[in-house]
Amino acid sequence: MSAGRLGALAAEILVWQAALTALWLVLISTVDPLELFVGLGCALLGAIAATAARRAVSCL
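Residues numbered from 1 in each chain as written. Predicted model: local features only at pLDDT ≥ 70, side-chain atom pairs only at ≥ 80, totals over all residues. Heavy atoms only, no water.

**Regarding the environment of Leu40**
Tracing the backbone shows Leu40 in helix 2 (residues 33-58). Of the residues examined, Leu40 reaches a relative accessible area of 31% and is grouped as partly exposed. In sequence terms Leu40 and Thr21 are 19 residues apart; their C-alpha atoms lie 5.9 Å from each other. The contacts of Leu40, once residues within four sequence positions are left out, are Gln17 and Thr21. (Helix = DSSP H or I, 4+ residues; strand = E, 2+ residues; numbered from the N terminus. Buried < 20%, exposed > 50% of the residue type's maximum accessible area, 1.4 Å probe, protein only. Contact = heavy atoms within 4.5 Å.)

**Quick word on the layout of surface pockets**
Sizing a probe to match a water molecule and rolling it over the atoms shows the empty space that remains. Within this model, the largest pocket holds a volume of roughly 160 Å³. Counting only elements with at least two residues in the lining of the largest pocket, the list comes to helix 1 (3-27) and helix 2. Per element, the largest residue contribution to the lining of the largest pocket is four residues, and it comes from helix 1. For the lining of the largest pocket, the class distribution of residues is three nonpolar, no polar and four charged. (1 Å grid on protein atoms, 1.4 Å probe; cavity = no way out; pocket = protein on both sides within 12 Å on 5 of 7 lines; lining within 4 Å. Points joined across faces, edges and corners; volume = space filled by probe spheres on them. Nonpolar A, V, L, I, M, F, W, Y, C, P; charged D, E, K, R; others polar.)

**Side note on the side chain of Gln17**
With respect to the secondary-structure elements, Gln17 resides in helix 1. Relative accessible area serves as the criterion here: at 15%, Gln17 is assigned to the buried category. At 3.1 Å, the side chain of Gln17 and the backbone oxygen of Leu40 are in polar contact. (Polar contact = N/O pair within 3.5 Å; in protein donor to acceptor, adjacent residues only side chain to side chain.)

**Brief notes about helix 2**
End to end, helix 2 covers 37 Å across 26 residues, agreeing with the expected 38 Å (1.5 Å per residue, within 8%). Taken together, the buried positions of helix 2 are Gly39, Ala43, Ala47, Ala50 and Thr51. (Expected span 1.5 Å × (residues − 1).)

**Some words on helix 1**
Here helix 1 contains 25 residues, and its C-alpha end-to-end distance of 36 Å stays within 8% of the 36 Å for a straight helix at 1.5 Å per residue. Among all positions in helix 1, only Leu9, Glu12, Ile13, Gln17 and Thr21 are buried. As for helix 1, its buried residues are in contact with helix 2.

Shown next as structure tokens:
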């Protein structure tokens with residue numbers, strides 16, 4: 001994988017993670033540090049899954 005493709009992949013994951021973290025913060029009532037870290041972790045997993053799903057669909 002070239003450096004440009006790797007950078008694009010990392011950027012896509014970061015954009016997904018930012019969007020999912022923002023959604024998480026909007027939906028919870030209080031923002032404790034633990035809930036923030038849990039939200040970041042869940043958002044990272046969701047971002048990786050969304051990126052993988054988009055790449056799988058684009059290969060069809």
